[in-house]
Each structure stands twice: as structure tokens, then as C-alpha cells.
Amino acid sequence: MAATQTQNETKKSPAARRAGGSKTEETQPITEKVKEVGEQLEDMAVRNAQAVREMASDGAKTTSQAVSDLASQSEDFVRKNPALAVAGALGVGVLIGMAVRNRY
């Protein structure tokens, strides 16, 4: 089989051999386009990752600030109303205890 292929190739005219060689020349622009598109996709992925990272960082800062504000407000409430804070904590504890007891 290989012998017939080489015989067929030697029988080809120089123009036919050149036409067969142009296939690799045709694939080179396609390869370059694929590489270019791959690089563009990589750049887009990097930009998107950076944007997500910035949004997550901003969200973490905002959440941290909100928790800090809530903690300071809670401390102020407990300082102004200690008896009410203790009663509220006791009520929450009783409710949690009842929920746990009924669950098992």
C-alpha cells in the first residue's frame, strides 16, 4: 500500500505537488487566528477575574463595616438597657431549648 502511494506521488505533476503543499500554508492563517482568539479569551478571563475580585473585596469591606456598626449598636443598647438585654437573651435561650428538645 505504501509503495502505491509513493508511486502515485512521483507520478503527480509539480503543480499537483505544489497544490498539496499549499494545504499547510492554508492552515497557518487558521492556526494564527485560533491563537489570536485564544489570547483574546485569556485576556477577557483575566479582566473578568479581576472585576470579580474587586467586587468581592468591596462586598467584604461593606459587610465588615455593617457588622461593626451592628456590634457597636448592640453594645450601646445593652449598656442603656441591661435588664431588657438579659430578658431577651433568656427568651431566645428558652426558644432554642424548646426547638432542640422537640426535634429529638
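All values derive from a computational prediction rather than experimental measurement. (Residues numbered from 1 in each chain as written. Predicted model: local features only at pLDDT ≥ 70, side-chain atom pairs only at ≥ 80, totals over all residues. Heavy atoms only, no water.)

Peer 1: Hey, could you go over the overall build of the protein for me, with residue numbers and the actual values?
Peer 2: Along the backbone of the protein there are three helices and zero strands. Starting at the N terminus and ending at the C terminus, the protein contains elements arranged as α-α-α. Each of the 104 residues in the protein was classed as buried or not, and the buried ones make up 1%. On the protein, roughly 9,400 Å² of surface is accessible, and the fraction owed to carbon and sulfur atoms is 61%. (Helix = DSSP H or I, 4+ residues; strand = E, 2+ residues; numbered from the N terminus. Buried < 20%, exposed > 50% of the residue type's maximum accessible area, 1.4 Å probe, protein only. Areas by Shrake-Rupley, 256 points an atom, 1.4 Å probe, with all protein chains shown as cover.)

Peer 1: I'd love a proper account of a nonpolar patch on the surface, names of residues and values included.
Peer 2: Together, L90, V94, L95 and M98 make up an exposed nonpolar region whose accessible area comes to about 410 Å². Inspection of the secondary structure assignment puts M98 in helix α3 (residues 82-103). (Patch = residues over 30% accessible without salt bridge, like charges linked within 9 Å, V, L, I, M, F, W, Y side chains within 5 Å. Salt bridge = Lys/Arg side-chain N within 4 Å of Asp/Glu carboxyl O.)

Limitation: the analysis is restricted to geometry and does not speak to function.
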